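Inside the fold
Given next are the chains, with one letter for each unit.
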Amino acid sequence: MTGSGRGAGGPDGPGGPGGRGGAPDPRGEAVDPDVDLHVPAQRAETRGRHGLTVVAVIGAGGALGALARHAMQVWLPSGGGETGFPWGVFSVNLLGCALIGVLMALVGEGGREERAHALARPFLGVGVLGGFTTFSTYAADVALLLEAGRPGVAVAYLGGTVLGAVAAVWAGASAARAALAPGRGSGPGGRRPDVGGGVR
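Note that the structure is a prediction, hence the values are computed from the model and not measured.

Across its full length, the protein chain carries seven helices and zero strands. Ordering the α and β elements of the protein chain from the N terminus gives α-α-α-α-α-α-α. Every one of the 200 residues in the protein chain was classed for burial, and the buried ones make up 32%. On the protein chain, roughly 11,700 Å² of surface is accessible, and the fraction owed to carbon and sulfur atoms is 65%.

Now the structure itself:
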């Protein structure tokens, strides 16, 4: 997006009121992280009987994600009961956020959203990763730590989860983009040859 009216999101651009039919710029990122109704493949997720399939797929993915979370919490217990740092939930949420970043890059960028299966986003994003991460348990853990007289641990857990989650999404998306980048070009070292014979 640009600050002038001639940008893609400005009033004269494709995404503005003066653009083509007032439709948002199809090259821009989705406003909603789950479904962008301006992308035909994603809009199909909500049509007719397919909507019931989406609900079933989300439910199946959520069950798998919840089972994976339980297994990880058993493997990584808090280590200190109700007053200890909840390492299990903390690790689950950071790992889940990193995987969300990977998924965003894999099926939501570079034109790949058009080639991805229509059920990939609801199954993996909403279902599996939605069931795997648990910010309700995170909030309950903060309350338990405060009730147990551990405000320092509660504040560290509260802030550390938020900052860690944002950093994990960024790291996951960046790693996925870096892994996909070498295959985009056909020139030496994966760089795309320029029209004039040079290398971009």
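Past the structure itself, the notes keep going.
What follows is about the UniProt feature "binding site: Na(+)" (unreviewed entry) in the protein chain. Within the UniProt annotation, "binding site: Na(+)" (unreviewed entry) is assigned to Gly130 and Thr133. Exposure remark for Gly130: the relative accessible area of 39% places this residue in the partly exposed category. Its place among the elements puts Thr133 in the loop between α5 (120–132) and α6 (135–147). Its relative accessible area of 13% is what places Thr133 among the buried residues.

Under the feature "transmembrane region" (unreviewed entry), the UniProt entry names residues 52–72, 84–107, 119–140 and 152–173. Helix makes up 88% of residues 84–107 and strand makes up 0%, while its end C-alpha atoms are separated by 38 Å. The distance separating the terminal C-alpha atoms of residues 152–173 is 31 Å; by composition the span is 100% helix and 0% strand.

Helix length check: helix α3 (residues 87–108), at 22 residues, gives a terminal C-alpha distance of 31 Å against a target of 32 Å (1.5 Å per residue), a fit within 8%. Listed in full, the buried residues belonging to α3 are Gly88, Val89, Phe90, Ser91, Val92, Asn93, Gly96, Cys97, Gly101, Leu103, Ala105 and Val107.

What follows is about the side chain of Thr161. Among the secondary structure elements, Thr161 is positioned in helix α7 (residues 151–180). Its relative accessible area of 1% is what places Thr161 among the buried residues. Non-local contacts of Thr161, meaning those with residues more than four positions away in its chain, are made with Phe90, Asn93, Leu94, Phe135, Tyr138 and Ala156.

Definitions and cut-offs
Residues numbered from 1 in each chain as written. Predicted model: local features only at pLDDT ≥ 70, side-chain atom pairs only at ≥ 80, totals over all residues. Heavy atoms only, no water. Helix = DSSP H or I, 4+ residues; strand = E, 2+ residues; numbered from the N terminus. Buried < 20%, exposed > 50% of the residue type's maximum accessible area, 1.4 Å probe, protein only. Areas by Shrake-Rupley, 256 points an atom, 1.4 Å probe, with all protein chains shown as cover. UniProt positions renumbered as here; feature names shortened; annotations may be inferred. Expected span 1.5 Å × (residues − 1). Contact = heavy atoms within 4.5 Å.

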